[in-house]
Amino acid sequence: MTRPSIYREPAVVRRLERKSALRSVTGSSTVAAAVMVAAALLALVVANTPLYEGIEYLLALPLEVGVGRLTVSLTVEQFVNDFLMAVFFLLVGIELKYEMTVGQLRRPRQAMLPMLAAVGGVCAPALIYVALNLFEGGPAGGWAVPIATDIAFALGVVSLLGERISPATKVFFQTLAIADDILAIVVIALFYGQVPNIPWCVASLVLVGVLAALNRARVYSVGPYAAVGLVLWACMFNSGIHATLAGVILAFALPSRSDVRLTELGDWLEHRAHDLDDTYDDEHHVLGQHDFTEGAWRVERVMHHVTPPLQRTERYVTTFVNFGVLPLFAFVNAELHLVGENFGALLASPVAHGVYFGAVVGKPLGIILVTYLLVRLGFARLPRGMGWGQVITVGIMGGIGFTMSILITGLAFATPEEMVAAKCAILLASVSSAVLGILFARLALGPNGRRRTGGRRVSRPGQGVS
């Protein structure tokens, strides 16, 4: 009995190649960032056409989801900003837990440099915003708007620089951006939540305990976690705490270990392969080979559980977040109705000044200064392969704040005029930071990431450049 390999079939090979090409597109941070930017630009165009009123009407439509007392009433816009963004924060939490388990954050000293740089990158923009608005008489409550770095957008722009940015620098920047998002989440929870509703807060804590119990009980199916996570989101939405935090909590509850004893997997698969060979008959249609298909299904189920639930969930939501949630969020929140607006007033707005200069000046100032001080004081060293030119590039790119900044804008300002000024400044600051970062990297760094001096690429001792 002979059994041909499926990989010799031209149709199967073509199908696998198409899937591989699709994965390379959907897994690209550059493509994801481009789609998000395109959605934001589309929103800007639509907001200044006759379609604007229709879109506003659609976003204000009421939605009601739930059963009995566990009912959530919200608008379409709130559904995007509170529910879909919770899925985005689920992905952020997964990335953070991954880094804490096997990545840069698993060794505290190794992680402290980018994390403390992120603290500098949060404090400096906030101080610049507050200083400018106190001096110009603007609202100081928007200090958190320029503090956030957009992970997807910033890493997408960094990827355009190719080998000018070393792998160590990309990991440093990603760790910094994740820490930045954690700080932004804390700021939202502490300063921009509503007055807490105690019964709903207690219900939320109980559900957090349920998620922890599922983890301790070694439940490796994603379904129970997702079900409890949905109820947790509803409770947090009604509690007054920002509901997007439910995504982060759910991520940390997901097991990061495999449900299969990996040391014995190879022997088990070898036995199953022999069993499949014994039951396969190439003279009969596969639908009639019940023993073979049953054995193959059991192998498939075991292989499914080899991947930890944390990693499985990441695969489920990554494409949806990058090509669904973030573009939709950008479209809903980036629309600026500028028809009839006083552009002079926008340019003179202390809110716009605080947000723009906080991001473009404060971000690099805080990141670079804290990194320099920690290295000079001997507290930490730059990662191998990362020089000061790349530190400056990372600092400039840190001013790319889109998703979180726009989210905080909706929470921080009470008047439409302040929101428009803040959103204009966010978009201009993100574009300015991206352009300045790319120009600096191309002028100051050589093709392999080392600093240029007098037309030659050089590296200085003690800067971590090999």
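Residues numbered from 1 in each chain as written. Predicted model: local features only at pLDDT ≥ 70, side-chain atom pairs only at ≥ 80, totals over all residues. Heavy atoms only, no water.

On to helix α4 (residues 76-102). The first and last C-alpha atoms of α4 sit 38 Å apart over 27 residues, in line with the 39 Å expected at 1.5 Å per residue. Met85 marks where α4 bends most, by close to 35 degrees. (Helix = DSSP H or I, 4+ residues; strand = E, 2+ residues; numbered from the N terminus. Expected span 1.5 Å × (residues − 1). Bend = angle between axes of the 7 residues up to and from the residue.)

What follows covers the packing of aromatic side chains. Applying the stated criterion across every chain, the model contains eight aromatic pairs. Ring geometry for Phe83 against Trp233: centres 5.1 Å apart, planes inclined by 85 degrees, an arrangement best described as edge-to-face. Of the two residues, Phe83 sits in helix α4 while Trp233 sits in helix α9 (residues 222-239), which places them 150 residues apart along the sequence. According to the relative accessible area criterion, Trp233 is buried, its value standing at 9%. Ring geometry for Trp143 and Phe191: centres 5.3 Å apart, planes at 85 degrees, overall edge-to-face. Here the residue Trp143 occupies a position in the loop between α5 (108-136) and α6 (151-159), and Phe191 occupies one in helix α7 (residues 167-191), the gap between them amounting to 48 residues. Residue Trp143 is classed as partly exposed on the basis of its relative accessible area of 21%. Overall, the relative accessible area of 52% leaves Phe191 in the exposed class. Cluster of aromatic residues (ring-pair linked, three or more members): Phe79, Phe83, Trp233 and Phe237. (Phe/Tyr/Trp six-rings, centres within 6.5 Å; stacked < 30°, edge-to-face > 60°. Buried < 20%, exposed > 50% of the residue type's maximum accessible area, 1.4 Å probe, protein only.)

In contact at an axis separation of 9 Å, α4 and helix α13 (residues 309-333) are set at 140 degrees when each is read in the N-to-C sense. The orientation of α4 relative to α13 falls into the category oblique. Considering only the axes of α4 and α13, their crossing is left-handed. Taken together, the residues of the contact of α4 with α13 break down into 18 nonpolar, four polar and three charged. (Axes fitted to C-alpha atoms, helices over the stretch in contact; angles between N-to-C directions. Parallel < 35°, antiparallel > 145°, perpendicular 65-115°, else oblique. Left-handed = near helix turned anticlockwise from the far one by under 90°. Nonpolar A, V, L, I, M, F, W, Y, C, P; charged D, E, K, R; others polar.)

This part takes up the pairing of strand β1 (residues 62-67). Taking burial as the measure, the six residues of β1 include zero buried ones, a minor fraction of the element. Counting the residues that bridge the hairpin from β1 to strand β2 (residues 70-75) gives two residues, and of these Gly68 lies at a positive phi of roughly 60 degrees. (Pairing = 2+ DSSP bridges.)

Quick look at helix α15 (residues 350-376) now. Spacing of three or four residues puts side chains on the same side of an α-helix, whose turn is 3.6 residues. The largest bend along α15 reaches roughly 40 degrees and is located at Gly358. Between the side-chain oxygen of the N-cap and the backbone nitrogen of Val351 there are 3.2 Å, and the N-cap of α15 in question is Ser349. (Polar contact = N/O pair within 3.5 Å; in protein donor to acceptor, adjacent residues only side chain to side chain.)

By the bridge criterion, six bridges tie β1 to β2 in an arrangement that is antiparallel. Residue pairing for β2: Pro62 is matched across the bridge by Thr75.

On to the side chain of Ser166, then. Examined against the element boundaries, Ser166 turns out to sit in the loop between α6 and α7. The class of Ser166 is buried, set by a relative accessible area of 9%. A distance of 2.8 Å separates polar atoms of two side chains, one belonging to Ser166 and the other to Thr169. Each residue touching Ser166, except ones within four places of it in the same chain, is listed here: Gly385, Met386 and Gln390. (Contact = heavy atoms within 4.5 Å.)

Time to look at the confidence of the model for the chain. Averaged over all residues, the pLDDT of the chain is 82; the fraction at 70 or higher stands at 86%. Confidence, expressed as mean pLDDT per element, reaches its minimum in the chain at strand β4 (residues 456-458) with 43 and its maximum at α15 with 95. (pLDDT = per-residue confidence, 0-100.)

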